[in-house]
Amino acid sequence: MYLINILLAAGVVYCAVRAVIAKRLLASALWLAGTSAIVAMVLYNLGARELAVIELSVGAGLVTILFVFAISIAGEEGMGERTNIPRPVVWIAVLVFLFLLGEQVLPHIIPIPGGWDLESPFTFALVLWERRSLDVMLQIVMIVAGVVSALGLLAPAMAPQAVKKAGQAAGHKNVAQTAAGDTAENSRRTTAAAGEVQG
Amino acid sequence: MFNEMNVLMLGILGLFAVGLYALLAVRNLIKIVVALQILVKGAIMAFILAGKINGHMQTAQSVALTVIVADTMVAVIGLALAVQVKRRLGTLDVNELTSLRG
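Quick caveat, the model's predicted, so the values are computed rather than measured.

(A) Quick look at the overall build of chain B. Across its full length, chain B holds three helices and zero strands. For chain B, the sequential pattern of α-helices and β-strands runs α-α-α. Classification of the 102 residues of chain B by burial places 66% in the buried group. Sequence-distant contacts in chain B: of pairs separated by 6 or more residues, those separated by 24 or more amount to 53%. Total accessible area computed for chain B in this model is approximately 3,600 Å², and 66% of it derives from carbon and sulfur atoms.

Here it is in structure tokens:
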């Protein structure tokens, strides 16, 4: 179990690093999906089986599809190496953050005799629906707000296409009117020419 | 010295470090969303690890589920914004988003 945890921890960090340093956005999205899959394995090993399934289906499935969809619309775009913040400052910020967090957290993770294998009398569904019902309502609100926001954001993008289609339809109509006008003009000329011939 | 929970905590710290670095250094809008996803995955693992240590796994799962839903919505809105920025301004580079300047 110890070796498996070491492998999972190393794998999740490796996939995350590859997701960040990947040149192509599609490769970045796929490495992120790998990160989600390994996180799901970690959650399963820790005993959070329901959440592992949700993380695997949502994190590695739905979010990856969203990324691929967005990348297919927006397209790949290469960026230079220049960053907004100088790299030494970024590294210093990350190292300070790691030192502070690690110094606070790591000494306090000590084995509790029997504590890690405590069997809770409550099931996940009971806790979620009975004790955390406010969380459930919050999740519903977030999902509705997210869907409405995404539709609102994507709607203006569809408007120019609708205008273009309407313009094309109007163009076809004009062409048809012009063609009808041409036909009437031609018939009038033909009639006039026939009259001249008869005259 | 390091028990297995410490090993997992090191992995969580690694995820935090990678996500924070990417958030500060990356200029591509879609990659910024990737960095946020990495940070939140570290937070989810930390929640579950804390629940495991304290023996409140079901509560930790409930909280982590809320975090997953919020994270997914952030990804949806962030990617929709990135697509809009690309369509209107033609770039995903955050340095090129000068239309917000006065």
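(B) Summary view of the pattern of salt bridges. One pass over the full model with this rule turns up three salt bridges over all chains. With a shortest N-O distance of 3.2 Å, glutamate 55 of chain A and lysine 41 of chain B are connected by a salt bridge. Residue glutamate 55 of chain A is found in helix α3 (residues 49-74), and its partner lysine 41 of chain B is found in helix α2 (residues 29-54); the two belong to separate chains. The buried category is assigned to glutamate 55 of chain A, whose relative accessible area is 2%. You can call lysine 41 of chain B buried: its relative accessible area is 1%. Aspartate 93 of chain B is the salt-bridge partner of arginine 27 of chain B, the closest N and O atoms lying 3.2 Å from each other. Of this pair, arginine 27 of chain B sits in the loop between α1 (4-25) and α2 while aspartate 93 of chain B is found in the segment after α3 (57-89), placing the two residues 66 residues apart along the sequence.

(C) Fine view of the environment of methionine 5 of chain B. Looking at the secondary structure, you find methionine 5 of chain B in helix α1. On the basis of relative accessibility, which here comes to 3%, the residue methionine 5 of chain B falls in the buried class.

So, how was this worked out
- Residues numbered from 1 in each chain as written.
- Chains lettered and ligands numbered in written order.
- Predicted model: local features only at pLDDT ≥ 70, side-chain atom pairs only at ≥ 80, totals over all residues.
- Heavy atoms only, no water.
- Helix = DSSP H or I, 4+ residues; strand = E, 2+ residues; numbered from the N terminus.
- Buried < 20%, exposed > 50% of the residue type's maximum accessible area, 1.4 Å probe, protein only.
- Contact = heavy atoms within 4.5 Å.
- Areas by Shrake-Rupley, 256 points an atom, 1.4 Å probe, with all protein chains shown as cover.
- Salt bridge = Lys/Arg side-chain N within 4 Å of Asp/Glu carboxyl O.

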